[in-house]
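# Architecture and fold: a report
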Amino acid sequence: MINKGLSDITENDLLSLINEGVSEGRNIDYKRDLPKGNDEGKKEFLADVSSFANTAGGDLIFGIEEEQGLPTNVIGIHVVDMDLEVRRLDSILASGISPRIKYEMRAIPLQSGNVVLMVRTQRSWLGPHRIVFKGHDKFYGRNSAGKYPLDVTELRTAFNLSGTVNERIRAFRTDRIIALMNNETPIPFTDTPKVILHLIPLV
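Just so you know, these numbers come straight off a predicted model, no measurement behind them.

### Notes on the overall build of the protein
In terms of helices and strands, the protein carries four helices and 10 strands. The helix and strand sequence of the protein, counted from the amino end, reads α-β-α-β-β-β-α-β-β-β-β-β-β-α. Each principal axis of the C-alpha atoms in the protein carries an extent, and together these give about 65 × 40 × 35 Å. The buried share of the protein, taken over its 203 residues, is 39%. For the protein, contacts bridging at least 24 residues in sequence account for 70% of all contacts bridging at least 6. Roughly 12100 Å² of accessible area belongs to the protein as shown, and the carbon and sulfur atoms make up 51% of that amount. Both charge centroids of the protein, one from 25 positive and one from 27 negative side chains, sit 6 Å from each other.

Okay, structure coming up:
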């Protein structure tokens, strides 16, 4: 994953992936072309994105040529209506992954006039996420070699982790509300209506 906010990434950042020899792996994947509109293209796209969500998050980058996992050329893609293309990909993700995932999508302009499309997926704590597209009922994860189908043991671990995180969040919330009701705070509360906001870091 490029260590920058998606909105701050430029063509120079993409070129640095080549200069620094950043290979495909757990957090980054290169594609020369956008997902095709046929079923196989959609399944591949869904597998790539869900594998990031089920593991540690990452960047799926369209418009970069690679050889044996190493980026070789930032060629970009030429799309007449990028907004329409983004809506197409949004629609595929919305209907093809359950439960839904959190991601961002941005077209990065190149000097050539083409664009590189990046899909940044966040690690999910509501997983594991499954592909639900025309009978392709599979869960995917990622390692240094790329995406792969999760086996039974990995699925069991993922489901247990998701349940444990949710239970810990609920327990923390309950404990904090009880403490606030008992006025166990650095500054005493007044006996008036109040709004309580809990911020819980997940990473």
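### Here's the deal with the environment of Val-79
Relative to the helices and strands, Val-79 is located in the loop between strand S4 (70–74) and helix H3 (82–96). Between the C-alpha atoms of Val-79 and Val-115, which are 36 residues apart in sequence, the distance is 8.2 Å. The residues contacting Val-79, other than those within four sequence positions of it, are Leu-34 and Glu-85.

### Concerning the pairing of strand S10 (residues 146–149)
Sheet topology places strand S9 (residues 138–143) next to S10; four bridges connect them, and they run antiparallel. Across the sheet, the residue bridging to Asn-143 is Gly-146, located in S10. Where S9 folds back on S10, the antiparallel hairpin that results is connected by two residues.

### Here's the deal with helix H1 (residues 11–19)
Buried residues of H1: Glu-11, Asp-13, Leu-14 and Leu-17, and no others. Positive backbone phi, approximately 65 degrees, marks Gly-21, located one or two places after H1.

### Looking at the pairing of strand S6 (residues 103–109)
Summarising the sheet, S6 and strand S7 (residues 115–121) pair through seven bridges and their orientation is antiparallel. Looking at the pairing, Ile-108 lines up with Val-116 of S7. Hairpin geometry of S6 and S7 is characterised by an intervening segment of five residues between the two adjacent antiparallel strands and by a positive phi of about 100 degrees at Gly-113.

Rules used in this analysis
Residues numbered from 1 in each chain as written. Predicted model: local features only at pLDDT ≥ 70, side-chain atom pairs only at ≥ 80, totals over all residues. Heavy atoms only, no water. Helix = DSSP H or I, 4+ residues; strand = E, 2+ residues; numbered from the N terminus. Buried < 20%, exposed > 50% of the residue type's maximum accessible area, 1.4 Å probe, protein only. Contact = heavy atoms within 4.5 Å. Areas by Shrake-Rupley, 256 points an atom, 1.4 Å probe, with all protein chains shown as cover. Lys, Arg positive; Asp, Glu negative; His and termini not counted. Charge placed at Lys NZ, Arg CZ, Asp CG, Glu CD. Pairing = 2+ DSSP bridges.

Coordinates in, geometry out; function isn't part of it.
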